[in-house]
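# A closer look at the structure
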Amino acid sequence: MVKENAKVITGGITNEKGTFIIKNLEFKNYTLEIQFIGYKTVTQNVALSNKEKTIDLKTISLEENATQLSEVDIVKERSTIEQKIDRKIINVGKDLISSGATASEIMNNIPSVSVDPQTNAISLRGNANVRILIDGKPSNVDASQLLQQIPSSSIKQIELITNPSAKYNPEGMSGIINIVLNKNSKIGFNGSINNGITFGKTPKLNSSLDINYRTGKFNIYGNYGLNTGKQANHGFVKTLDAGKEDSQIFNFVDSSTSHLAKVGFDFYANDKNTISFYTTQNIFDGTGKSATSIDFLDVTKQDFTQLFDNKNDNYSQTYNLDYKKEFKKEGHNLEFEVNYSNDNNKENGVFTTPNAINYIVNNGNNTLINLDYTNPLTKTAKLELGLESRVENTRNNFQKDNAYNSDFAYDRNIYSAYANFSKQWGKWSAQVGTRFEKYNAKALFKKVNENSATFEDDLFTLYPSGYLNYSPSDKNSFNLSFSRRVDRPSINQVNPIREWSTPQIDSEGNPTLFPQFTNSYELNYTRKTKLGSLTTGVFYRRINDEISRTLFENPNDSSKLILSYDNLDDNNAYGLELSGNLQFTKWFSSNISFDTYSKKTRGVVANEFVEVNVTSFNARISNTFKASKKLKFQLSGLYKGRDLGLQFLRQPMWKIDLGSSLTVLKGSGTITARFSDIFNTMHFGFDGNKPKKQLGQFNWESQSAYIGFNYRFGTGKNKAIQRKERDKNETQGSGGLL
């Protein structure tokens, strides 16, 4: 700023390079003050006259202020929801962090999202065909396992992209869930430690360490997560068909230990060029014991109990290299990415009564190469272009009783290009785009004493998308969108080698599955009030060749069943959602969401055409009570309505959780406690008529207690670096007066 006799006359700010020019000054004596947050103010006297009309101040050096306030971590008390043109963003606050120790647990408090309590499979709007991304990138670690290893305190945002644009891969009928992690890039050494124990029937440990060191042009970071413990499950299935009556009782105990590590760096060559690299390494060791007792009503059949012991070893790794080039114009950039991942899984299972040994090896390799280009043509228009190549190879081998039984090879290549154009005018904004994809898949299945089976699928498809947004005011926003999606069969869905087995049921894939396509339409309205934000949405989906679970009689033994996958007929689904993020008083706030879905499903089951219509209702509420600045309590409830498929009716389920969090150590630490499923009401119950009349129920350790501690540490700015930079008087820029 420019002063005359202590009075401010004019002023200005520097550009991106730190230079500035101040014009139209009278010929007088002035005092010039240069200020920047965290640095000492520089004062300089200047004099303008007829002889010296222009003054070049040359290089101006700023010195760091040693007495500056130390950096602090600021985490919002309450989660907030933002509706963007193509996604809904949940900014994670302390209320969500305290609702669960891991990403998997807090997901059940996110509108439209559900996590299966048995398998940890995640679904969006009642559909499990959803793609999970971490920081915008896919992971070779199974989503159900990965979400168990990410501590809730490491999550910054959760993005629900129910109608993704052409920029994204079109996989997943219900869209994309992108989990954005906190990326610490503060100067110096910083990090956090998270430890928690869950007490069910047995204790389970969840720990993580996040560290970061940034200096100069480098930012180096590392994350490590440990998950270990036992899980107990039990259940029953009763078959009621005349002449085939039986009762099956299941008891499962699984022990597992997983290690997930991520190490990476960012190299800032200059303001316009950044190179990033990271690798993730995941080691999973699991053992399982199960006992299945079968009681036949037919006295001519022998009752028996089958025992099963299995050991599962999995090692997966990912390597990612990314280069980003920023051009002179803001928002104009080019990004190139290469991602390679490998997964190796070995399972050794031993059955008794009858006796059998199964040894299965699964190995997969995935290579992704991606190029994205963004150009803001004007202040209100933007063009996005991109190319992508994905090459995926999977090999599976099955040995039974120490002898070769079968093997399965599956190769999939996808080459794509996309173009997006967006434009804003006044209160309106729009975006249109198309993705072009060439898809090829080949499968080969070999089995002893059988002819080899082959399958090939070759497609060229367009995936258009479009968005229209209208914001009549800051408090109101309407959004209309459309996208075409695809669900390509996963390796588990096409692999004919058995996934798991019980005395009466074998689970295996179907190599002849072909992709499922969906046209998705949405209309959303967001209203901001004094209490908070409310979002209402309606959607419609037209589903072609829907992929679904099927259960049919084993052709080799009519008393047994095979659980697999098949393509159903074309189906329709539509729904309504309502969610609110409300602050009623300074000490009481709520996150509330309701959704209802209706769908018509048609297909062939047991050689019979079946059509069902079902409406499902779900609700959840999370109340936060602030007792003081440091102590909060949380009361949450979840209700999942019944769901009807072609073969089974899933019974409703519900639970209530109670939690609390206490901030300690001057804000650096948080103690969290939680009691889940207070009334022990959460279980999976079902009944069905096809291909057999059956009913059953499965229970897990839903009722549990958790205690956790999170500690954040760091220097904010490394003192040695501060001294070094003060010694050399780090250059901030230059300027001139006219």
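Residues numbered from 1 in each chain as written. Predicted model: local features only at pLDDT ≥ 70, side-chain atom pairs only at ≥ 80, totals over all residues. Heavy atoms only, no water.

### A look at the overall build of the protein chain
Heads up, the condition is: For helices the rule is a DSSP run of H or I covering at least 4 residues; for strands it is a run of E covering at least 2, with both sets numbered from the N terminus onward. Three exposure classes are used, based on accessible area relative to the maximum for each residue type with a 1.4 Å probe and protein chains only: buried under 20%, partly exposed in between, and exposed over 50%. Only heavy atoms matter for contacts: two residues are in contact if any of them lie within 4.5 Å across the pair. Shrake-Rupley sampling with a 1.4 Å probe provides the accessible areas, and residues are treated as covered by the protein chains on show and by no other component.
A count of helical and extended segments in the protein chain gives five helices and 44 strands. Per-residue burial over the protein chain gives 46% buried out of 738 residues. Long-range pairs, those at least 24 residues apart, make up 63% of the contacts in the protein chain with a sequence separation of at least 6. Surface summary for the protein chain: the accessible area is close to 36100 Å², and the carbon and sulfur share equals 56%.

### As for the nonpolar core
Generally speaking, soluble globular proteins have nonpolar side chains that are buried together. Heads up, the rule is: The definition of a nonpolar core used throughout is a set of buried Ala, Val, Leu, Ile, Met, Phe, Trp, Tyr and Cys residues joined through side-chain atoms within 4.5 Å.
Formed by 20 residues in total, the largest nonpolar core has its most connected members in M107, V113, I122, I155, I158, L160 and I177. Only α2 (103-107), β9 (113-115), β10 (122-124), β11 (130-134), β12 (155-161) and β13 (175-181) provide two or more residues apiece to this core. Filtering out sequence-adjacent residues up to four positions away, L160 remains in contact with R87, K88, I90, I110, P111, V113, L124, I176 and I177. Among the nonpolar cores identified, the runner-up in size contains 13 residues, and Y30, V42, I55 and L57 belong to it.

### Focus on the side chain of R390
Checked against the element boundaries, R390 lands in strand β22 (residues 381-400). What makes R390 buried here is its relative accessible area of 5%. If we skip the residues at most four places from it in the chain, R390 touches R131, N169, E171, T367, L368, R412, N413, I414, E437 and R488.

### Quick word on the packing of aromatic side chains
The condition that has to hold: Ring pairs are drawn from Phe, Tyr and Trp, using the six-membered ring of Trp, whenever the two centres fall within 6.5 Å, and their geometry is named by plane angle: stacked under 30 degrees, edge-to-face over 60, tilted for the rest.
Enumeration according to the criterion identifies 25 aromatic pairs in this entry. Their ring planes at 20° and their centres at 6.4 Å tell us that Y470 and F478 sit as a pair that is stacked. Residue classification places Y470 among the partly exposed positions, given a relative accessible area of 26%. On the numbers, 6.4 Å between centres and 45° between planes, the contact of F617 with Y639 is tilted. Within this pair, whereas F617 is found in strand β35 (residues 608-626), its partner Y639 is found in strand β36 (residues 631-640), the two being separated by 22 residues in sequence. Every member of this aromatic cluster is reached through a ring pair, and the members are F218, F265, F267 and F277.

### Section: the pairing of strand β21 (residues 356-375)
Convention followed: One requirement defines pairing of two strands: DSSP has to find at least two bridges between them.
Pairing between strand β20 (residues 333-352) and β21: 19 bridges, direction antiparallel. Across the sheet, residue S341 finds its bridge partner in β21, namely N366. Here β21 pairs with β22 via 18 bridges, running antiparallel. Bridging across to β22, N358 finds its partner in K400. A loop of five residues connects β21 with β22, the two strands running antiparallel in sequence.

### Observations concerning the pattern of salt bridges
Cut-off, in case you're wondering: By convention in these notes, a salt bridge is any Lys or Arg side-chain nitrogen within 4 Å of a carboxyl oxygen on Asp or Glu.
Following the criterion strictly, the structure yields 13 salt bridges and no others. Ionic pairing is found between K324 and E326, a salt bridge with its closest N-O pair at 3.7 Å. Take K324: its relative accessible area is 29%, and that puts it in the partly exposed class. Three or more residues joined by partner-sharing salt bridges are found here, namely E388, R390, R435 and E437.

### A word on the side chain of S481
Condition: Residues adjacent in sequence count toward polar contacts only when both atoms are side-chain atoms; beyond that, a polar contact is any pair of N or O atoms within 3.5 Å, and within protein one must be able to donate a hydrogen and the other to accept it.
Relative to the helices and strands, S481 resides in strand β26 (residues 476-487). S481 gets classed as buried once you look at its relative accessible area, which sits at 6%. Only 3.0 Å separates the side chain of S481 from the side chain of N163, close enough to count as a polar contact. For S481, the contacting residues outside a window of four places in its chain are N163, G466, Y467, S520, Y521 and E522.

### What to know about unusual backbone geometry
In terms of backbone geometry, most residues other than glycine have negative phi values and most peptide bonds are trans. Notably, N449 is not glycine yet its phi reads approximately 65°, a positive angle. Secondary-structure assignment places N449 in the loop between β24 (428-447) and β25 (453-473). Looking at N449, the relative accessible area reads 84%, which means it is exposed. Of note in this structure, D677 is not a glycine but carries a positive phi near 50°.

### Describing the environment of I90
Within the fold, I90 resides in strand β8 (residues 88-91). Sequence separation of I90 and K156 is 66 residues, and the distance between their C-alpha atoms is 8.7 Å.

### Things to note about the pairing of β11
β11 sits mainly inside the fold: five of its five residues count as buried. Side chains V130, I132 and I134 project from β11 onto one buried face, and the interleaved R131 and L133 project onto a second face that is buried too. Across five bridges, β11 lies against β13 in parallel orientation. When the bridges of β13 are listed, I132 appears paired with I177.

### Notes on the confidence of the model for the protein chain
Threshold: pLDDT measures how confident the predictor is about each residue, on a scale from 0 to 100.
In the predicted model, the protein chain carries a mean pLDDT of 81, and the fraction of residues at 70 or more is 84%. Segment residues 66-75: pLDDT under 50, and 12 contacts once partners within four positions in sequence are set aside and those in other chains are kept. Within the model, pLDDT remains below 50 along residues 717-733, and this stretch shows 34 contacts once partners closer than five positions in the same chain are excluded.

### A few points about the environment of A627
Looking at the element boundaries, A627 is found in the loop between β35 and β36. Once the C-alpha coordinates of A627 and W587 are considered, the two residues, 40 residues apart in sequence, prove to be 6.8 Å apart. Discounting residues that sit within four places of it in the chain, A627 has contacts with K632 and F633.

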